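So the chains spell out like this:
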Amino acid sequence: GGPGVDPGYNGAGARGAAWGARQAARTLASMAGEHVTYPVVFMDIELPGVAPAFDNGWNDVYTSPCSGVVKHRGMPAALARADFDGYWNYLTTHSRYKPGVYSDAGIWTQIFGTGPVASIPHTYEWTYEPETANLADVPRGWCLPTGGCAEFFGGVTSSSPSALMWQWSGGGGVRNAIGDFDQIHATRPG
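Here the structure is a predicted model, which means the values were calculated and not measured. (Residues numbered from 1 in each chain as written. Predicted model: local features only at pLDDT ≥ 70, side-chain atom pairs only at ≥ 80, totals over all residues. Heavy atoms only, no water.)

1. Observations concerning the nonpolar core
Grouped together as the largest cluster of nonpolar side chains are 28 residues, with contacts concentrated most on I45, W58, F84, V101, W108, I111 and F112. Looking at this core, the elements with two or more residues in it are helix 1 (13–31), strand 1 (40–44), helix 2 (77–94), strand 4 (98–103), helix 3 (105–112), strand 5 (124–127) and strand 6 (163–169). L144, V156, W166 and W168 belong to the second-largest nonpolar core, a separate cluster that totals 8 residues. (Core = buried A, V, L, I, M, F, W, Y, C linked by side-chain atoms within 4.5 Å. Buried < 20%, exposed > 50% of the residue type's maximum accessible area, 1.4 Å probe, protein only. Helix = DSSP H or I, 4+ residues; strand = E, 2+ residues; numbered from the N terminus.)

Put into structure tokens, the structure is as follows:
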């Protein structure tokens with residue numbers, strides 16, 4: 001979650017980074033009991049629109065992680081980035097895993113803006129836009145035959161080595177009758 005659901009939130013960048021690191025430590029502890037073979041661990045950075053924290057603490061500060069009560073509105077992009085960097089740095093210094101992020105271009109911009117704070121060219125990405133319910137519209141490369149191509153974010157393009165996955169159907173926004181369909185670049189990560 002974003003810095004706004006940190007129980008110790010104080011508005012400081014160092015605290016945001018510590019919150020990100022704490023979440024990465026929790027991730028690695030949870031993974032320790034599983035047989036994880038994929039080399040990338042994805043941070044899920046979304047604005048889900050569901051209770052209790054409708055924005056997962058990326059845009060607003062809550063009285064507690066699960067209260068659903070907004071203490072104050074607004075989150076500096078730099079503070080959100082401190083959270084992201086704390087997770088990224090902890091993961092890379094305490095494990096063999098590579099960091100990745102699951103989000104989309106619109107959500108990414110709402111949280112991190114479009115400036116240097118939003119730039120993540122060396123982080124693997126899994127995007128979910130655009131989506132289709134038409135399962136006959138199977139992608140060719142990073143594009144759907146009927147139109148629309150995977151929209152990466154943070155300075156990553158479909159030709160970037162960090163463009164890794166695309167959920168092209170069945171995600172939270174566009175449902176189909178079967179489930180999620182994702183495409184992965186088979187030679188990445190290298």
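Still more to cover.
2. Brief notes about the sheet that holds strand 6
Strand order in the open sheet formed by 5 strands is 1-4-5-6-7, and the pairing between neighbours is mixed. The open sheet has two edge strands, strand 1 and strand 7 (181–184), and neither has a second partner. Adjacent strand axes in the sheet meet at a mean angle of 20 degrees, parallel and antiparallel pairs treated alike. Pairing geometry for strand 5 and strand 6, over 3 bridges, is parallel. Each residue of the ladder has a partner; that of W126, found in strand 6, is M165. (Pairing = 2+ DSSP bridges. Axes fitted to C-alpha atoms, helices over the stretch in contact; angles between N-to-C directions.)

3. Let's talk about the environment of N176
As for its placement among the helices and strands, N176 is situated in the loop between strand 6 and strand 7. With relative accessibility at 17%, the residue N176 sits in the buried group. Put simply, N176 and F42 are 134 residues apart on the chain and 24 Å apart in space, counted from C-alpha to C-alpha. One polar contact links N176 to S169, side chain to side chain, over a distance of 2.8 Å. Within the local environment of N176, its side chain forms a polar contact with the backbone nitrogen of G179, the two atoms lying 2.7 Å apart. (Polar contact = N/O pair within 3.5 Å; in protein donor to acceptor, adjacent residues only side chain to side chain.)

4. Here we look at the pattern of salt bridges
Applying the stated rule across the entire model yields 3 salt bridges. For R15, the salt bridge goes to D6, with nearest N and O atoms at 2.6 Å. The class of R15 is partly exposed, set by a relative accessible area of 26%. Of the charged contacts, one joins D60 and R73 as a salt bridge, the two residues approaching to 2.9 Å between their closest N and O atoms. On the criterion of sequence distance, the pair formed by D60 in strand 2 (residues 60–62) and R73 in strand 3 (residues 70–73) is long-range, its members being 13 residues apart. Exposure remark for D60: the relative accessible area of 11% places this residue in the buried category. (Salt bridge = Lys/Arg side-chain N within 4 Å of Asp/Glu carboxyl O.)

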